[in-house]
Amino acid sequence: MHSPEYKELRELVAKFSDAEVAPLAAEIDEKGKIPESLVQKVAENGFMGSYIPEEFGGAGMDYTSYAIIVEELSRGCASTGVLVSAHTSLATWPIIQYGSQETKAKYLPKMATGEWVGCFCLSEPDAGSDAASLTTYAEDKGDHYLLNGTKNWITNGKEADVAVVFAKTEKTDDHKGMSALVVETAWEGFSIQKAEDKLGIKGSSTTQIVFENVKVPKENLLGKEKKGFSIGLATLDGGRIGIAAQALGIAEAAFRYAKKYSMERIQFGKPIGDLQAIQFILADMSTKIAASRLLIAEASRLKDLGEPYSKEAAQAKVFASESAMWITTKAIQVLGGNGYVKEYPVERHFRDAKITEIYEGTSEIQRLVIAANELKEYR
Ligand code: CAA
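In this text, all values refer to a predicted model and were calculated from it rather than measured experimentally. (Residues numbered from 1 in each chain as written. Predicted model: local features only at pLDDT ≥ 70, side-chain atom pairs only at ≥ 80, totals over all residues. Heavy atoms only, no water.)

Here the focus is the site of the ligand. Not every one of the 21 residues close to the ligand is listed here, only the nearest: S129, H175, D237, R240 and E360. Between the ligand and T155 there is a distance of 3.1 Å, counted from an oxygen atom to a side-chain nitrogen or oxygen. With respect to the ligand, the side chain of S310 contributes an N or O atom lying 3.4 Å from a nitrogen atom. Elements with a contribution of two residues or more to the shell around the ligand: β3 (144-155), α7 (228-264) and α11 (363-375). Tallying contributions element by element places α7 first for the shell around the ligand, with seven residues. (Near = heavy atom within 4 Å. Polar contact = N/O pair within 3.5 Å; in protein donor to acceptor, adjacent residues only side chain to side chain. Helix = DSSP H or I, 4+ residues; strand = E, 2+ residues; numbered from the N terminus.)

Below, the structure written as C-alpha cells:
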C-alpha cells in the first residue's frame with residue numbers, strides 16, 4: 001500500500017477524481033444518473049479494466065491497486081465508485097476466475113474497455129442474506145439452459161450488457177443445486193422490471209430484473225454445474241473489499257470536508273476546530289480511516305498472494321462501512337445545521353454511506369463470516 005507504485009496510482013486516480021468526478025457528484029445525486037460522458041472518461045482511463053489481465057485487454061493490475069481506484073473514485077462520487085466496483089469485482093472477477101478460455105476471450109476485452117458493463121444477479125425478492133434459498137431456475141435443455149426467475153437489488157442493472165447470474169440447475173432447498181451463468185442482457189427474455197428510488201448512491205442504478213425463458217448456451221456456465229454457491233461466495237469475498245474501499249472513500253470525503261470546515265467556522269471567537277469537543281471527533285475520524293485503510297490493504301494483500309482472505313475481507317467491510325456511517329454522522333454534527341442541508345455535501349455522504357452496511361452482505365453477515373472463520377479450528 002505504501003510502495004511508490006501504489007502512491008503514484010493513488011495520486012493519479014485522486015487527480016482524476018478531484019477534477020472529473022467530485023464536481024459532478026451533487027448533480028449525479030440530484031438527477032439520479034451518472035452522465036454517459038463521465039462513464040466514458042472512467043473507462044478511457046482504464047478504471048473498468050484495471051484488474052482484467054493484459055492478455056484480455058485489461059491493465060493487469062492487482063487487487064490492492066483496484067481497491068485504491070475504488071476508494072479514490074468513491075471519494076469523488078460514491079455512485080461512480082460502485083459502478084466500477086460491481087463491474088469489476090462482481091462481474092469480471094468470476095469470469096476471469098471460472099470462465100472458459102472462450103468465455104474470457106468473448107467477454108473480458110469488451111468489459112476491459114468499458115464498452116460492456118457487468119452486473120451480478122444473486123439476490124431475489126425472497127432470497128437476500130439467505131442466498132442459498134433462491135429459486136431462479138435454469139432448466140437443462142441439452143445445448144442450452146432455459147432461465148426463469150426474478151432478481152432484486154441489481155447494481156448496474158440499467159447499464160449492464162453482461163450479467164453473472166445464479167440459478168438452480170437442480171431444484172434443491174439448499175445451495176447444492178446452484179450454478180453460475182454468464183447472460184447477455186440483450187438476449188430475448190431479459191427485462192428490467194423496476195428501478196429502485198433509494199436513500200443514497202442515487203446515481204447508481206439498482207434494479208429488479210426478470211428472466212423469462214432466456215436461452216443461455218451451455219458454454220456460458222462458469223466453473224462446474226452445481227458449484228454456483230461457492231462461486232458466488234468467493235466472488236463476494238472480493239466484492240466486499242471493493243465495498244470497504246467505497247465506504248472508505250465516502251468517509252474520507254466527509255472527514256476532509258468536516259476538517260476544513262472546522263477551521264473556517266468561527267464560534268465563541270475562534271475556529272470550532274480549536275475546541276476539544278470537535279478535535280476529539282476529528283481524531284476519531286482520522287483513526288477509523290487509518291484503520292479501515294489498513295484492513296483493506298491486508299485483505300487485498302492476502303488476495304493478491306492467493307492466500308485465504310474471507311475473514312479479512314469481512315473484517316475490512318464491516319469496519320470500513322460502520323466507520324463510514326459513524327464518520328458521516330459526525331461530519332453532519334461538526335457542520336451543525338449546515339450539515340443537514342443539501343447546500344453542503346456531508347448529508348449526501350451520510351446517505352451514501354448507509355448502503356455499505358447492507359449490500360454484498362450486511363454487517364451481521366460479515367460478523368457471521370468472521371466468527372465462523374475464528375471458530376473453525378474447534379469444529
Ligand atoms: N468462498 C467459497 N465457497 C464458500 C465460501 C467462500 N467464502 N464460504 C462458504 N463456501 C462454500 C462452502 O465450502 C460450502 O460448500 P460445499 O457445500 O461444497 O461444501 C458452501 O459454500 C456452504 O457453506 P456454508 O454452509 O458455510 O454457508 P452458509 O449456508 O452457512 O452461509 C452465508 C453462508 C455467510 C450466510 C452466506 O449465505 C452469505 O454470505 N450470505 C450473504 C449473501 C450476500 O452477501 N448477498 C449480497 C448480494 S450481492 C449484492 O449485494 C448485489 C449487488 O449488486 C451489490
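Segmentation of the chain into domains returns domain 1 (4-117), domain 2 (119-226) and domain 3 (229-378). Taking only C-alpha atoms into account, the centre of domain 1 sits 22 Å from that of domain 2. Between domain 1 and domain 2, the contact holds 25 residues from the first and 20 residues from the second. Between domain 1 and domain 2 the total buried area reaches about 1,800 Å² when both faces are included, carbon and sulfur atoms providing 63% of it. It is L90, Y107 and V117 that lose the most area in domain 1 upon contact with domain 2, and together they represent 28% of the buried surface on that side. At the boundary of domain 1 and domain 2, one finds ten residue pairs in polar contact (both at pLDDT 80 or more). Counting residues per element, the ones that place at least two in the side of domain 1 that touches domain 2 are α2 (25-31), α5 (78-98) and α6 (101-113). (Domains from an automatic or database assignment. Contact = heavy atoms within 4.5 Å. Buried area = accessible area lost by both parts, 1.4 Å probe.)

With that settled, the discussion passes to the side chain of K168. Along the chain, the position of K168 falls in strand β4 (residues 162-168). Although K168 lies buried, it forms no salt bridge, and the closest oppositely charged side chain, D174, sits 6.1 Å away as judged by the N-O distance. There is a polar contact of 2.9 Å between the side chain of K168 and the backbone oxygen of A132. Leave out the neighbours within four places in its chain, and K168 touches A132, S133, L134, T136, Y137, A138, D173, D174, G177 and M178. (Buried < 20%, exposed > 50% of the residue type's maximum accessible area, 1.4 Å probe, protein only. Lys, Arg positive; Asp, Glu negative; His and termini not counted. Salt bridge = Lys/Arg side-chain N within 4 Å of Asp/Glu carboxyl O.)

Our focus in this paragraph is the packing of aromatic side chains. Scanning the model with the defined rule gives nine aromatic pairs in all. Between the aromatic rings of Y257 and Y344, the centroid separation amounts to 6.4 Å while the plane-to-plane angle is 80°, which identifies the pairing as edge-to-face. Residue Y257 is found in helix α7, and its partner Y344 is found in the loop between α9 (310-335) and α10 (346-354); the two are separated by 87 residues along the sequence. Through pairs of rings, three or more aromatic residues link up here, namely Y51, Y63 and Y66. The lysine or arginine in question, K110, covers the ring of W116, its NZ or CZ lying 4.4 Å from the ring centre. Above the plane of the ring of Y63 lies K303, whose end atom (NZ or CZ) is 4.7 Å from the centre. (Phe/Tyr/Trp six-rings, centres within 6.5 Å; stacked < 30°, edge-to-face > 60°. Lys NZ or Arg CZ within 6 Å of the ring centre and 35° of its normal.)

The backbone of K226 sits at a positive phi, close to 70°, despite the residue not being glycine. By secondary structure assignment, the location of K226 is in the loop between β8 (221-222) and α7. Located in the positive-phi region is E360, a residue other than glycine, with phi close to 55°. E360 gets classed as buried once you look at its relative accessible area, which sits at 10%.

So, about the pairing of β4. Judged by how many residues are buried, β4 sits mostly within the fold: seven of seven residues are covered. By the bridge criterion, four bridges tie strand β1 (residues 118-121) to β4 in an arrangement that is parallel. Across the sheet, the residue bridging to C121 is V165, located in β4. (Pairing = 2+ DSSP bridges.)

Let us now look at the nonpolar core. Formed by 114 residues in total, the largest nonpolar core has its most connected members in I95, L147, F166, V183 and F211. The dominant element in this core, judged by the number of residues it contributes, is α7, at 16 residues. Not counting residues within four places of it along the chain, the set of residues in contact with L147 comprises T136, Y137, A138, V165, A167, L181, V183, F211, E212, N213, V214 and V216. In terms of nonpolar packing, the next biggest core, distinct from the first, is built from five residues, V318, I365, V369 and I370 among them. (Core = buried A, V, L, I, M, F, W, Y, C linked by side-chain atoms within 4.5 Å.)

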